[in-house]
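Each chain, written out:
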Amino acid sequence: LYEDVATRAQGMSGAFVAVADDATAVWWNPAGLATGPYFDALFEKGRISQPESPIATDPTRRATVTGFALALPSLGFSYYRLRVSQTARSDSTAPLLQSRQDDGGVAQVRSRAFSQWGVTLGQSLLDHLVVGSTVKVVRGGQGTTGIDPSTDVLDQGDDIDLTQETHGDLDLGLMLAFTHLRAGLTVRNLTTPEFGEGNERF
């Protein structure tokens, strides 16, 4: 889920933790707010499918992201919603729609929804060191359903009605910035909230 947010950040992979100079810093590294523009706002909506054209024996995954972030030099507000649906990995001898487990011969698709409202605060400690944190309210849930081979597998996952729970959480970030060197560190989900019950717990 971490790298499903922000198109520019995805292009830089994990290196964006040390850049984080736009409003998506509220997600990638809260300390990055201090090194960005005086005002930045963005709206994001996207969908990533892997692979784009799956065959029956492939595991598949789709991440749908909607987000809004507003950033000032030491204060940010954000909302992100992610929905990730995926099928179980199958081997080359077991078609996706056939299960090797004793569950009636029907494979399953899993879907996980995650919403986050956050307030981000940043503080300069030294000339080149900034710390930041995002205080979050997180709502999440997960569910599975049997696959109907007559319709799109991932669409079925997106349609699962999920029972969701709400918890508080916290992200922390550090940013060390010099003229020719930047380094960043992010610790996400510091309170490690848990959602769901039994086999659906994550």
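Residues numbered from 1 in each chain as written. Predicted model: local features only at pLDDT ≥ 70, side-chain atom pairs only at ≥ 80, totals over all residues. Heavy atoms only, no water.

**Describing the pattern of salt bridges**
Line of reasoning, step 1. Scanning the entire structure with this criterion turns up nine salt bridges.
Line of reasoning, step 2. Salt-bridge contacts for Asp158 lead to Arg62; the nearest nitrogen and oxygen are separated by 2.7 Å. Here Arg62 lies in strand 2 (residues 61–71) and Asp158 lies in helix 3 (residues 153–158), a separation of 96 residues in the sequence.
Line of reasoning, step 3. Note on Arg62: relative accessible area 6%, which makes it buried.
Line of reasoning, step 4. The network of salt bridges with shared partners includes Lys136, Asp169, Asp171 and Arg188. (Salt bridge = Lys/Arg side-chain N within 4 Å of Asp/Glu carboxyl O. Helix = DSSP H or I, 4+ residues; strand = E, 2+ residues; numbered from the N terminus. Buried < 20%, exposed > 50% of the residue type's maximum accessible area, 1.4 Å probe, protein only.)

**Observations concerning a nonpolar patch on the surface**
Line of reasoning, step 1. The grouping of Leu172, Leu174, Leu185, Val187 and Leu190 at the surface amounts to a nonpolar patch, some 380 Å² of accessible area in total.
Line of reasoning, step 2. Secondary structure elements with two or more residues in the nonpolar patch: strand 6 (165–177) and strand 7 (182–187).
Line of reasoning, step 3. Along the chain, Leu190 falls in the segment after strand 7. (Patch = residues over 30% accessible without salt bridge, like charges linked within 9 Å, V, L, I, M, F, W, Y side chains within 5 Å. Areas by Shrake-Rupley, 256 points an atom, 1.4 Å probe, with all protein chains shown as cover.)

**Looking at the packing of aromatic side chains**
Given two aromatic rings, one states the distance between the centres and the angle between the planes to describe the pair.
Line of reasoning, step 1. Considering all chains together, one arrives at five aromatic pairs under this definition.
Line of reasoning, step 2. The interplanar angle of 85° and the centroid separation of 5.8 Å between the aromatic rings of Phe16 and Trp28 together place this pair among those described as edge-to-face. Here Trp28 lies in helix 2 (residues 25–28) and Phe16 lies in the loop between helix 1 (7–12) and helix 2, a separation of 12 residues in the sequence. For the residue pair Phe16 and Trp28, the accessibility class agrees, reading buried in each case.
Line of reasoning, step 3. For the ring pair Tyr79 and Trp117, a centre distance of 5.2 Å and an interplane angle of 45° mean the geometry is tilted. Taken as a pair, Tyr79 in strand 3 (residues 75–87) and Trp117 in strand 4 (residues 108–124) lie far apart in primary sequence, 38 residues in all.
Line of reasoning, step 4. What makes Tyr79 partly exposed here is its relative accessible area of 27%.
Line of reasoning, step 5. Looking at Trp117, the relative accessible area reads 40%, which means it is partly exposed.
Line of reasoning, step 6. Ring-pair connections join several aromatic residues into one group, and the members of that group are Trp27, Tyr80 and Phe114.
Line of reasoning, step 7. Just above the ring of Phe202 sits the side chain of Arg112; from NZ or CZ to the centre is 3.9 Å. (Phe/Tyr/Trp six-rings, centres within 6.5 Å; stacked < 30°, edge-to-face > 60°. Lys NZ or Arg CZ within 6 Å of the ring centre and 35° of its normal.)

**Some remarks on the confidence of the model for the protein**
Line of reasoning, step 1. In the predicted model, the protein carries a mean pLDDT of 83, and 87% of its residues have values of at least 70.
Line of reasoning, step 2. Mean pLDDT per element in the protein: helix 3 is the minimum at 82, and strand 6 is the maximum at 95.
Line of reasoning, step 3. Predicted confidence for residues 90–106 stays below pLDDT 50, and this span has 24 contacts to residues more than four positions away or in other chains. (pLDDT = per-residue confidence, 0-100. Contact = heavy atoms within 4.5 Å.)

**Notes on the sheet that holds strand 1 (residues 40–50)**
Line of reasoning, step 1. Read from one edge to the other, the open sheet built from seven strands follows the order 1-2-3-4-5-6-7, with strand pairing classed as antiparallel. In this open sheet, the two strands that pair with only one neighbour each are strand 1 and strand 7. Neighbour-to-neighbour, the strand axes of the sheet open up by a mean angle of 15°, direction not taken into account.
Line of reasoning, step 2. Pairing of strand 4 with strand 5 (residues 129–146) involves 17 bridges; the strand directions are antiparallel. Within strand 5, the position partnered with Ser111 by the bridge is Gly143. (Pairing = 2+ DSSP bridges. Axes fitted to C-alpha atoms, helices over the stretch in contact; angles between N-to-C directions.)

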